[in-house]
Amino acid sequence: MRFLKLRNILSASAMVLVVSSCGGSSDNQLTLQVPEVPEVPDNPVEPVEPEVPAEPEVPESPECAGEVYASTFDAVQKVIFDRYQCVGCHSGDNASGDLDLTPEFAYENLMEVPSVGSNFARVYPGSRERSSLWLKMYGHVDPSITSLALMPPSGPVPEDWEFELLRQWLVAGAPETGVVLGTEELLPGCLSEPTPQSIIPLEAPEATEGVQFQMPGFDLYAASEREVCFATYYDLRDVVPEEYQSEDGQVFYFDGWEVRQDALSHHLIVFLPVSEAGEVTPDDFSNWSCAGGDRAGEVCDPREREACGLRGFCRTPVEDSLACNSYAPVLTRQSLAVQQAQSTQEFYPGTYREWPLEGVMLWNSHSFNLTAVDHILRGRFNLRFARDRSYPQLEAGGFDTLFGIPRLIGEGAAPYTEQVLCERAVLPMGAMVTGLSSHTHSRGKHFWYEMPDGTHIYDSYIYNDPLNLFFDEPMAFLDPDPAERTLTYCSLFRNGVDEDGNPVPDEVTRASDIEYAVPIGRLGPNIGLCEPTQCVNEGMYEVECDDGVANQAGDDAACDSSPGAGDGSCDACSITGGVTTGNEMFGAQIWYFIAEGYPNELVEFPDSTFIPGIIPGIGR
């Protein structure tokens, strides 16, 4: 189980990547300056892989200047390592840092190989923040990285598009073969069509260190988007060592987790169901059957540990469901949620959480496959046993405000405009904040948090690779005045407009791109649908074309370039809150614990328009 020490996570303020070159090595210990805080009180706290489809032929294009690439990694090799002469120092028997980057050896010398003199791997699948390949060059542009030997030590660094090529390869799991979605747009005509990538499976922890859960794979068809839910059952009562179990034998304690999933997942949430009627058991669910393995499709008893053989999983049917809402006659509570292909969290020393030793889990994955090839999406997560258990770790945001969906429904930016939305999080007295993160969709361009005095303490710029910021020392909020315990979080949204105010019709919210809506409690049955109000064809962007009918369509004729031309398209909408990739979200994520001597109260969100309880099982 690779829980590497990384309490300081990098800013995502620029899309800049990593190249190794000549020079010495140093310990990759990052430092991040945070505001001074009062002193903390004493005592603070293996499934079968899918077949790889044959790759399409690489199309010819003059933009390639005669160069084509067999895979995204081949492009990284030639565009980054070769073009910037990294191989000059990193090759042969005397390669700098014992790293040979010649084409025949580069991949095997990078993937999950410990970096010389550091706590990081050279490349950690799915994570730029844990890859020294990224970190050593990122330090050229990010001043928060202060204790790394920068690479290259001198000379030019790659251009922005080359940096983005490397970033996309890393966060997609750093595959050796195949084309990562998005990289073909950076090298038009130089790569074949993208294909889904299966990430290297997460290594299970030692039995004395933690436990691993595996998500049974589910079908994610070509050119599709799904948010699904299904249940599995587990029993760890004879697996978890007694020292990590509660006295009543109901839960065990953990102080860190690591998740790894195929990069097509927009989010993975694990829910632990609860019920007003009492204990939730496998009997509360029906139609258990084997997924994968030799017994696929057979009826199974989830309580039987090997009911589906070594490679199969006993689960309930995979159904489309928003956050597992009403999946079964039970309520749910979130226990783990991630957005990236690879995500790790080490809790602040002394903090911990509880997990039931036995029970049902609901897996909620929102995923999209924008390639032309079907895929089976899989994932795993590890929980690390907690030895030091002083304070429960708490979390706020997200479902507390329903990710800003109710507010975005009424206040989303109009077509070809930008807006900033802000809300406040009032922390309880005694809150010790240990980490921050954020959640938006693609039109969220910049998310930040402000202290009561206006100081920025967090800035994230990449919606699907958000900054997870953990503090070396917790930020203490001990003042009796609620105003001094208030964090303001904001996001800049651009709806089809660039930073200079010019229309970008390909990036505006379009009614035709929102493939489905969902019912969300008393908010309504068709949340996410939008009514187009402006044109998307060139030269007509400012023309209003709302037909006045709630039909997800507009008056195309109003958008014609000349009367009767028939070339108009009324399709541009205001940003609308919802769950699809065509909709938007606006959510904070705050990790904290309560210092000794203070009441255990909750974070309040006074600006949120979400009413807890409006959706059964969601919110407080």
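Source: prediction; values computed, not measured. (Residues numbered from 1 in each chain as written. Predicted model: local features only at pLDDT ≥ 70, side-chain atom pairs only at ≥ 80, totals over all residues. Heavy atoms only, no water.)

A.B. asks: So what's going on with the layout of surface pockets? Residues and values would help.
C.D. replies: If a probe as big as a water molecule is rolled over the atoms, it shows which places are left empty. Reported here for the largest pocket is a volume of approximately 1,700 Å³. Taken together, 48 residues line the largest pocket, and the ones lying closest to its centre are Phe368, Leu370, Ser442, Tyr463 and Asn464. Breaking the lining of the largest pocket down by element, the ones donating at least two residues are helix H5 (160-171), helix H6 (183-186), strand E2 (224-235), strand E4 (265-274), strand E11 (358-369), strand E17 (444-450) and strand E20 (486-495). Each residue belonging to the lining of the largest pocket can be placed in one class, and the counts come to 17 nonpolar, 18 polar and 13 charged. (1 Å grid on protein atoms, 1.4 Å probe; cavity = no way out; pocket = protein on both sides within 12 Å on 5 of 7 lines; lining within 4 Å. Points joined across faces, edges and corners; volume = space filled by probe spheres on them. Helix = DSSP H or I, 4+ residues; strand = E, 2+ residues; numbered from the N terminus. Nonpolar A, V, L, I, M, F, W, Y, C, P; charged D, E, K, R; others polar.)

A.B. asks: With reference to specific residues and values, describe the pairing of strand E10 (residues 351-356).
C.D. replies: For E10, the tally of buried residues reaches five of six residues, placing the bulk of the element in the interior. Judged from the four bridges that link them, strand E3 (residues 251-261) and E10 form a sheet pairing that is antiparallel. Within E10, the position partnered with Phe252 by the bridge is Trp355. (Buried < 20%, exposed > 50% of the residue type's maximum accessible area, 1.4 Å probe, protein only. Pairing = 2+ DSSP bridges.)

A.B. asks: Residue-level account of the nonpolar core, with values.
C.D. replies: Core analysis: the largest hydrophobic core is formed by 57 residues, its most contacted members being Phe213, Phe252, Trp355, Phe381 and Leu383. If sequence neighbours within four positions are ignored, Phe252 has contacts with Val211, Leu236, Val240, Tyr244, Gln245, Arg353, Glu354, Trp355, Pro356, Leu357, Leu383 and Phe385. Phe73, Val123, Leu133 and Ala174 belong to the second-largest nonpolar core, a separate cluster that totals 35 residues. (Core = buried A, V, L, I, M, F, W, Y, C linked by side-chain atoms within 4.5 Å. Contact = heavy atoms within 4.5 Å.)

A.B. asks: If you had to explain the pairing of strand E19 (residues 469-477) to someone new, which residues and values would you point to?
C.D. replies: Most of E19 is tucked away: seven of the nine residues are buried. Direction of pairing for strand E16 (residues 431-440) relative to E19: antiparallel, over a ladder of five bridges. Within the sheet, the bridge partner assigned to Val433 lies in E19 and is Met475.

A.B. asks: If you had to explain the environment of Asn600 to someone new, which residues and values would you point to?
C.D. replies: Within the secondary structure layout, Asn600 lies in the segment after strand E25 (586-594). Distance in space between the C-alpha atoms of Asn600 and Met429 is 8.9 Å, their sequence separation being 171 residues. Those residues in contact with Asn600, other than ones at most four positions away along the chain, are Leu394 and Ile594.

A.B. asks: Describe in detail the sheet that holds strand E15 (residues 417-426), supporting the description with residues and values.
C.D. replies: Taken in spatial order, the four strands of this open sheet run E15-E20-E17-E18, and their pairing is antiparallel. Strands with a single pairing partner mark the edges of an open sheet, and in this sheet they are E15 and strand E18 (456-460). Ignoring strand direction, the axes of neighbouring strands in this sheet form an average angle of 15°. Pairing geometry for E15 and E20, over ten bridges, is antiparallel. By the bridge assignment for E20, Leu421 is matched with Ser491. (Axes fitted to C-alpha atoms, helices over the stretch in contact; angles between N-to-C directions.)

A.B. asks: I'd like a description of H5, backed by residues and values.
C.D. replies: Taking 1.5 Å as the rise per residue, H5 with twelve residues should run 16 Å; its terminal C-alpha atoms sit 16 Å apart, in good agreement. Taken across its twelve residues, H5 has ten buried, putting it largely inside the fold. Inspection of H5 places Glu162, Phe163, Glu164, Leu165, Leu166, Arg167, Gln168, Trp169, Leu170 and Val171 among the buried residues, and these make up the whole buried set. Lining the buried residues of H5 we find helix H1 (72-82), helix H3 (106-110), helix H4 (132-138) and H6. Just past H5, the residue Gly173 takes up positive phi, approximately 105°. (Expected span 1.5 Å × (residues − 1).)

A.B. asks: Go over the state of the cysteines, please, and point to the residues and values.
C.D. replies: Evaluation of the coordinates by the stated rule reveals seven disulfides. Linked covalently through their sulfurs, Cys300 and Cys314 form a disulfide whose S-S length is 2.1 Å. Of note, the bridge from Cys300 to Cys314 carries an S-S torsion of about 95° and is right-handed in sense. Placement of the pair is Cys300 in the loop between strand E5 (289-291) and strand E6 (313-315) and Cys314 in strand E6, with a sequence separation of 14 residues. Unpaired in this structure, Cys86 has its nearest cysteine sulfur neighbour in Cys89, at a distance of 8.4 Å. (Disulfide = S-S within 2.5 Å.)

A.B. asks: Account for the side chain of Ser365, with residues named and values stated.
C.D. replies: With respect to the secondary-structure elements, Ser365 resides in strand E11. A polar side-chain atom of Ser365 sits 2.7 Å from a polar atom in the side chain of Ser367. In contact with Ser365, not counting residues within four places along its chain, are Phe218, Arg226, Glu227, Val228, Ser265, His267, Leu268 and Leu377. (Polar contact = N/O pair within 3.5 Å; in protein donor to acceptor, adjacent residues only side chain to side chain.)

A.B. asks: Account for the packing of aromatic side chains, with residues named and values stated.
C.D. replies: In the structure shown here, the tally under the stated rule is 29 aromatic pairs. Arranged with centres 4.9 Å apart and planes meeting at 25°, the rings of Phe213 and Phe381 form a pair that is stacked. With a gap of 168 residues between them, Phe213 in strand E1 (residues 210-220) and Phe381 in strand E12 (residues 375-385) connect regions that are remote in the sequence. Exposure remark for Phe381: the relative accessible area of 0% places this residue in the buried category. Geometrically, the ring pair formed by Phe285 and Trp288 is edge-to-face, given 6.4 Å between the ring centres and 75° between the ring planes. On the basis of relative accessibility, which here comes to 8%, the residue Trp288 falls in the buried class. Cluster of aromatic residues (ring-pair linked, three or more members): Phe213, Tyr234, Phe254, Phe347, Trp355, Trp363 and Phe381. The ring centre of Tyr124 lies 4.9 Å from the NZ or CZ of Arg130, which sits over that ring. One Lys or Arg, Arg315, reaches over the ring of Phe230 and ends 5.2 Å from the middle of that ring. (Phe/Tyr/Trp six-rings, centres within 6.5 Å; stacked < 30°, edge-to-face > 60°. Lys NZ or Arg CZ within 6 Å of the ring centre and 35° of its normal.)

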